[in-house]
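Report on the structure
Listed here are the chains, written in short residue letters.
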Amino acid sequence: MFLIYLIIIIALPLYSQFKVKSTYNKYARVRSTSGMTGAEVARMILDRNGLDNVKVVETQGVLSDHYNPLTKTVALSSDNYHNASVAGTAVAAHEVGHAIQDAQDYAFLRFRHRLAPVANITSNASWIFIMAGLFFSSMNNLLGIGIVLMAVGVLFQLVTLPVEFNASSRAMNQVVELGIIRNEEEPHAKKVLTAAALTYVAAAAVAVLELLRLVLIFQNRE
């Protein structure tokens, strides 16, 4: 049983990473019919939504694209910033989706931002208590504390899911309504966004499985 569990928690993240990279690489080579670079796509959607205060900047790395709510900045990796591809269009629109969420005070995004610093602390601290609790079977209360701390991090992973799915939905609506992509490009853009979302689903699934495993260990010791 443990072997099956181990295979799952290893295979899920690996598959999700493979899927997002292979899908992205495939459609990064497909030029968008609009001929707009990712930077131009992002700027257009931002302006059409009255978000001229949000900057679009280039960032280093591959698939390092993100939105920073503190600096009001959409950061696009070099390939997506400069190139006119279906993948770049989808990724740029997705990050702008987060900017729109921020401007509209989207509840899940706001909650995730408030939870993030707490989750960072509890996730790191949880393993100290968990390892101590697992090593010293007589100190099951330490394991319990670790589980509670870990649950905060798991909650963060779960809250991330609606934030990412909603951003992708907003992205598709924008690129379609503004005529940035044509009908034949729509399913391709959706594949890029779906593959990217899979990484968050895999991370959340692994986190939940690990939490459940520890809860079962704790209950069996009681």
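These numbers were taken from a predicted model, which means no experiment stands behind them. (Residues numbered from 1 in each chain as written. Predicted model: local features only at pLDDT ≥ 70, side-chain atom pairs only at ≥ 80, totals over all residues. Heavy atoms only, no water.)

**What to know about the side chain of T122**
Just so we agree on the cut-off: Counting from the N terminus, the helices are DSSP H or I runs at least four residues long and the strands are E runs at least two residues long. Definition of a polar contact: a pair of N or O atoms within 3.5 Å, with one able to donate and the other able to accept a hydrogen when the atoms are protein atoms, and with sequence-neighbouring residues admitted only if both atoms are side-chain atoms. The contact criterion used throughout is that any non-hydrogen atoms of two residues lie within 4.5 Å.
Mapping T122 onto the fold places it in helix α5 (residues 107-135). At 3.3 Å, the side chain of T122 forms a polar contact with the backbone oxygen of L149. The residues contacting T122, other than those within four sequence positions of it, are L149, V152 and G153.

**Some points on a nonpolar patch on the surface**
The line we're drawing: Residues forming no salt bridge and having over 30% relative accessible area are the ones grouped into patches, like charges within 9 Å of each other and nonpolar side chains (Val, Leu, Ile, Met, Phe, Trp, Tyr) within 5 Å. All accessibility values rest on the Shrake-Rupley procedure with a 1.4 Å probe; residue burial counts only the protein chains present in the view. Think of a salt bridge as a Lys or Arg side-chain nitrogen and an Asp or Glu carboxyl oxygen that are within 4 Å of each other. Three labels apply to residues, based on accessible area from a 1.4 Å probe with only protein chains included: buried if under 20% of the type maximum, exposed if over 50%, partly exposed otherwise in between.
Taken together, the side chains of F2, L3, L6, I7, I10 and L14 make up a nonpolar region of the molecular surface, amounting to roughly 600 Å² of accessible area. Along the chain, L14 falls in helix α1 (residues 2-28). Classification of L14 by relative accessible area gives exposed; the value is 57%.

**Concerning the sheet that holds strand β3 (residues 73-77)**
Put simply, the test is: Strand pairing is assigned whenever DSSP identifies at least 2 bridges connecting the two strands. Angles shown run from 0 to 180 degrees and are taken between the N-to-C directions of axes, each axis being a line fitted to C-alpha atoms and, for helices, limited to the stretch in contact.
The 3 strands are arranged β1-β3-β2 in an open sheet whose pairing can be described as mixed. The strands lining the two open edges of the sheet, one partner per strand, are β1 (55-59) and β2 (66-68). Taken pair by pair, the neighbouring strands of this sheet meet at an average axis angle of 30 degrees, ignoring direction. In this sheet, β3 lies alongside β1 in parallel orientation, the contact comprising 5 bridges. Its bridge partner lying in β3, E58 is registered against L76.

**Some words on the UniProt feature "transmembrane region" (unreviewed entry) in the chain**
The test is simple: UniProt positions are given in the numbering used here, feature names are shortened, and annotations may be inferred rather than shown by experiment.
This chain's UniProt record puts "transmembrane region" (unreviewed entry) on residues 115-135, 142-163 and 192-216. Across residues 115-135, the secondary structure splits into 100% helix and 0% strand, with the terminal C-alpha atoms separated by 30 Å. The straight-line gap between the two end C-alpha atoms of residues 142-163 is 33 Å; of that span, 100% is helix and 0% is strand.

**Side note on the packing of aromatic side chains**
For the record, the criterion: Here a pair means two rings of Phe, Tyr or Trp (six-membered ring of Trp) with centres within 6.5 Å. Their orientation is stacked below 30 degrees between planes, edge-to-face above 60, and tilted elsewhere. Two thresholds decide whether a charge sits over a ring: the Lys NZ or Arg CZ must be within 6 Å of the ring centre and within 35 degrees of the ring normal.
Across all of its chains, the model carries 2 aromatic pairs by this definition. Ring plane angle 55 degrees and centroid distance 5.9 Å describe the contact between Y106 and F108, whose orientation is recorded as tilted. For F108, a relative accessible area of 39% corresponds to the partly exposed category. Here the aromatic rings of F135 and F136 are separated by 4.8 Å at their centres, their planes lie at 90 degrees, and the arrangement is edge-to-face. With relative accessibility at 41%, the residue F136 sits in the partly exposed group. Over the aromatic face of Y106 sits the side chain of R170, whose NZ or CZ is 5.5 Å from the ring centroid.

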